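Structural description and commentary
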Amino acid sequence: DHDQFDLPDLCLSRMLRMALAVLAFGLTTCFMSGAQSAPCHPFVVDLNVTFTADIQKLSDALACAGEGIFNIKWYSSLAIDEMIEVSDGKHVTVTGDALGDDNAVGPTIDAGSSTGIFSVSDRSTLRLNNMVLREGNAEKGGAVAVRSSSDLFVFGCTFTRNNASKGGEAPPLSCDACSECRVKPQTHYSGAILIYGLV
């Protein structure tokens, strides 16, 4: 007697193996894509922040991998509940425009004492112009925490009621490249800005 092969069962077995292989490939690809952000594209990004939804668009744009240049025009006073992170060698400029109100000191980013406002690391650069940073709260640098491997430039900004739980005897505004800035007396420790650490 010769062995008999059931053709339908054989085809079904092969199809099952192929389906499992495709599923495994898809899961691997999905895992890899979730673990690593897509590269920054385009390299130069211009964004306007007027509404709360625009803050999420900004955070999503900054989450790309690698360097990029981000020019942000901030038009409205808005609240945030998550820190805005500048990393991976990005160069970010945030310029406040009070929509024609010559008496305004600039639009406000209000963290409501729930989070820090900006974190700068990984050889990145942050430039802040004509903004009000209010009620940032973090372990280091309540409003802005900057790794010493990165650069910070601040012009015409006001820091109000920011707080940091650590920072030693650092002054509230620990920034050599800051000009025409105002720090309200409610700011504690390194509450406004702290540049700290190594790479």
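Here is a short report on the structure shown in this document. (Residues numbered from 1 in each chain as written. Predicted model: local features only at pLDDT ≥ 70, side-chain atom pairs only at ≥ 80, totals over all residues. Heavy atoms only, no water.)

Turning next to helix α2 (residues 52-62). Restricting attention to buried positions, one finds in α2 the residues Asp 54, Ile 55, Leu 58 and Leu 62. Mapping the buried residues of α2 onto a view down its axis gives an arc of 110°, with all of them on the same face. When the buried face of α2 is taken as reference, the exposed residues oriented beyond 90 degrees from it are Thr 52, Ala 53 and Lys 57. Where α2 is buried, its residues touch β1 (44-49), β2 (69-74), β3 (78-79), β4 (84-86) and β5 (91-96). (Buried < 20%, exposed > 50% of the residue type's maximum accessible area, 1.4 Å probe, protein only. Helix = DSSP H or I, 4+ residues; strand = E, 2+ residues; numbered from the N terminus. Arc of directions from axis to C-beta. Contact = heavy atoms within 4.5 Å.)

Position of Ile 195 among the secondary structure elements: in strand β17 (residues 193-196). For the pair Ile 195 and Leu 152, spaced 43 residues apart in the sequence, the C-alpha separation amounts to 8.6 Å.

Next up on the list: the nonpolar core. Counting residues in hydrophobic clusters, the biggest one holds 35 residues, and the most contacted among them are Trp 74, Phe 118, Leu 133 and Val 144. Apart from the residues lying within four places of it in its own chain, the contact partners of Leu 133 are Ile 109, Ile 117, Phe 118, Leu 128, Ala 143, Val 144, Thr 158, Phe 159, Thr 160 and Asn 162. (Core = buried A, V, L, I, M, F, W, Y, C linked by side-chain atoms within 4.5 Å.)

Taken as a whole, this structure holds four salt bridges when the rule is applied. Across the salt bridge formed by Asp 110 and Arg 134, the nearest N and O atoms sit 3.4 Å from each other. Taken together, the residues span a long stretch of sequence, with Asp 110 in strand β6 (residues 108-110) and Arg 134 in strand β9 (residues 132-134) at a distance of 24 residues. For Arg 134, the salt bridge goes to Glu 135, with nearest N and O atoms at 3.8 Å. By relative accessible area, Arg 134 is classed as partly exposed at 26%. Note on Glu 135: relative accessible area 18%, which makes it buried. Counted as one network, the salt bridges with shared partners bring together Asp 110, Arg 134 and Glu 135. (Salt bridge = Lys/Arg side-chain N within 4 Å of Asp/Glu carboxyl O.)

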